[in-house]
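Survey of secondary and tertiary structure
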Amino acid sequence: MNDDFENETPEEESFADLFESYSAGMNDNIRVGDRIHGRIISIGTNSVFVDTGTKADGVVEKSELLDEDGQLSLAEGDELDLYVVAADESEIRLSRAISGIGGATMLREAWEQRIPVEGKVVAVIKGGFQVEVIKQRAFCPISQMDLAYVEDPEVYVGQTFPFMIKRFEERGRNIVISRRDILQKEMEASREAFMAQLDEEAVFEGTVVRIMPFGAFVALAPGVEGLVHISELSWSRLDTPEQAVKVGDRLQVKLLGIKDGDKPGTKKISLSVKQAMGDPWSDVPNRIRVGDKLLGKVTRCANFGAFIELFPGIEGLVHISEMSYTRRVMRPEEVVAPGDEIMVMVKEFDLDRKRISLSIKDAEGDPWADIQEKFKPGTTVPGRVEKKEAFGIFVNLAPGITGLLPKSKITASEKAAQLDALKPGAAITVSIDSVNARERKISLGTGDGAEDQGWQEFAGGEADTMGSLGDQLKKALAQQKKGG
């Protein structure tokens, strides 16, 4: 027999060790007062057995789970929250919370053992609430009713909650209770569980709880908040966080990092909304093509041009030379201002360098594109004097279209004096002499026909013309003889 024991197999030794470990750890990490979320595994005549998530099942009196009609509305497989009221090597006793009858003696035991009690809020009184606990009157300070500030105390009246006894004096005549302690303990347990499974780069869903000038705080779990800096709220440029989010918004956020907070035991969690969305430039080839006309928003102006946001996080540049066909632009602000929505055309983009070249003037169209159809030689058109030079007058015929009325034609005109007297901005009627679309030049005439009278016009009336001239010469010579 002894030889048999000495030759015990490794498998048998391993089983023995496991059994001993299982028996020794039946009630590991279970303490009186703990809250347990369990599943009903069996319903007996007087007791309900619950899977506590540990190596030992819990037991709760069936009478505690009956509804107002005295019926058990629960079934096997249902889940519920209970408190540990006793724990030893053989079993774990559970309770929804100490309630019902029992008087001051039971309340004292609950106070001493830190076991929650069930209480019904009866009325709002000065400084807090009157609560009925096991047929006894207790006081809950308003600051101890909830984790947050209580704005409307009346909403709690008539409700039943679990409470912890904070003070038990004068044989139960002075009982002070707190719901906040229970909520705080639950929140800390939730925080610890959440923090234990946090991984860098993970994406979570959270709720915006408050906004500051530098960013937005997002609640990830009860008692767990992280900060999304304003620079991480959106791929677009923001002046204030309110441009992107508001309190109550549900957001997908990416964990950037965790570090120790200023206070011992606290953590600072950095989050990002835009990184949870992914890089918007990765989809640019599917959204933007050269030649596309897109509506964009001016984000900022520089000396050399204006930056236009086409999509969140996608900006392009309109160089100052691409702002207008109709005038010479010296400063971008002459054409656009931050916040303006304008139509632009995509000229080119470099995905590797994340650069897009845009044009306002191409989106509006080149006014010289159909110049031959608009202004045909020989036609008369209205215009306005743009500026006067020694060699002629520049006349604006349409937005972006300017022609030149040469000085030689002004001099030959019957209305030369009137034309010389015109000032910039004055209305004028001119004729189209020639159009050079390639060089963007239009030569103009005065429109009165004077410059078109050549020698051919005089050929038909030569006798009359010369006769008239001869008559004038004869008169001049006769007057000269008389004077002589």
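Parameters and conventions
- Residues numbered from 1 in each chain as written.
- Predicted model: local features only at pLDDT ≥ 70, side-chain atom pairs only at ≥ 80, totals over all residues.
- Heavy atoms only, no water.
- Pairing = 2+ DSSP bridges.
- Helix = DSSP H or I, 4+ residues; strand = E, 2+ residues; numbered from the N terminus.
- Buried < 20%, exposed > 50% of the residue type's maximum accessible area, 1.4 Å probe, protein only.
- Contact = heavy atoms within 4.5 Å.
- Salt bridge = Lys/Arg side-chain N within 4 Å of Asp/Glu carboxyl O.
- Phe/Tyr/Trp six-rings, centres within 6.5 Å; stacked < 30°, edge-to-face > 60°.
- Lys NZ or Arg CZ within 6 Å of the ring centre and 35° of its normal.
- Expected span 1.5 Å × (residues − 1).
- Arc of directions from axis to C-beta.
- Axes fitted to C-alpha atoms, helices over the stretch in contact; angles between N-to-C directions.
- Polar contact = N/O pair within 3.5 Å; in protein donor to acceptor, adjacent residues only side chain to side chain.

Taken together, the 6 bridges between strand S17 (residues 305-311) and strand S18 (residues 314-319) define a ladder with antiparallel strand orientation. Bridging across to S18, Phe307 finds its partner in Leu317. Adjacent in sequence and paired antiparallel, S17 and S18 are bridged by 2 residues, among which Gly313 carries a positive phi angle near 85°. In the sheet, S18 pairs with strand S20 (residues 355-359) via 2 bridges, with the strands oriented parallel. By the bridge assignment, Leu317 is partnered in S20 with Ser357.

With respect to the element layout, Ser324 can be found in the loop between S18 and strand S19 (341-350). For Ser324, a relative accessible area of 14% gives the class buried. Setting aside anything within four residues of it in sequence, one finds Ser324 in contact with Val329 and Lys361.

For the rest of this paragraph, the subject is unusual backbone geometry. For residues that are not glycine, phi is negative in most cases, and the peptide bond is trans in most cases. Positive phi outside glycine occurs at Lys354, with the angle close to 55°. Tracing the backbone shows Lys354 in the loop between S19 and S20. Even without a glycine there, the phi angle at Arg440 is positive, about 55°. Looking at the secondary structure, you find Arg440 in the loop between strand S24 (427-436) and strand S25 (441-445). The exposure class assigned to Arg440 is partly exposed, which follows from its relative accessible area of 37%.

Time to look at the pattern of salt bridges. For the structure on display, the rule yields 18 salt bridges. Across the salt bridge formed by Arg331 and Glu333, the nearest N and O atoms sit 3.5 Å from each other. Take Glu333: its relative accessible area is 39%, and that puts it in the partly exposed class. For Lys441, the salt bridge identified is with Glu439, shortest N-O distance 3.7 Å. Residue Lys441 is classed as exposed on the basis of its relative accessible area of 52%. One continuous salt-bridge network, built from bridges that share partners, spans Arg237, Arg300 and Glu315.

Across all of its chains, the model carries 8 aromatic pairs by this definition. Ring plane angle 25° and centroid distance 6.0 Å describe the contact between Trp111 and Phe168, whose orientation is recorded as stacked. Linking Trp111 in helix H3 (residues 103-113) with Phe168 in strand S9 (residues 160-169), this pair joins segments that are 57 residues apart in sequence. The class of Trp111 is partly exposed, set by a relative accessible area of 30%. Each residue in the set Phe129, Tyr156, Phe161 and Phe163 is aromatic and connected to the rest through ring pairs, giving one cluster. When the ring centre of Phe161 is taken as reference, the NZ or CZ atom of Arg179 above it lies at 4.1 Å. Cation over ring: Lys361 sits above Tyr325, and NZ or CZ is 4.7 Å from the ring centre.

To continue, consider the environment of Lys268. By the secondary structure assignment, Lys268 is in strand S15 (residues 267-272). Taking the C-alpha atoms as reference, Lys268 lies 5.6 Å from Ile258; in sequence the two are 10 residues apart. Among residues more than four places away in sequence, those in contact with Lys268 are Gly257, Ile258, Lys259, Asp260, Gly261 and Asp262.

It helps to recall that an α-helix has 3.6 residues per turn; residues three or four apart then point in one direction. Look at helix H4 (residues 180-196): 24 Å from first C-alpha to last across 17 residues, which is about the 24 Å you get at 1.5 Å a residue. Among the residues making up H4, those that are buried are Ile182, Leu183, Met187 and Phe194. The arc that holds the buried residues of H4, viewed along the axis, is 130°, so those residues lie on one side. The exposed set on the far side of H4, more than 90 degrees from its buried face, consists of Glu192 and Ala196. Among the structural elements, strand S4 (79-87), S9, strand S11 (203-212), strand S12 (215-221) and strand S13 (224-229) are those in contact with the buried residues of H4.

Moving on, we get to the sheet that holds S20. The strand order around the closed barrel built from 5 strands is S16-S17-S18-S20-S19, with neighbouring strands paired in mixed fashion. The mean inter-strand angle of the sheet, taken between neighbouring strand axes irrespective of direction, is 50°. Bridging between S19 and S20 involves 5 bridges; their strand directions are antiparallel. Bridge pairing in S20 links Met345 to Ser359.

Topologically, Asp249 is positioned in the loop between S13 and strand S14 (250-260). Look at Asp249 and you get buried, because its relative accessible area is 18%. Side-chain polar atoms of Asp249 contact the backbone nitrogen of Lys246, separated by 2.9 Å. Among all residues touching Asp249, those that are not within four sequence positions of it are Gly206, Thr207 and Val208.

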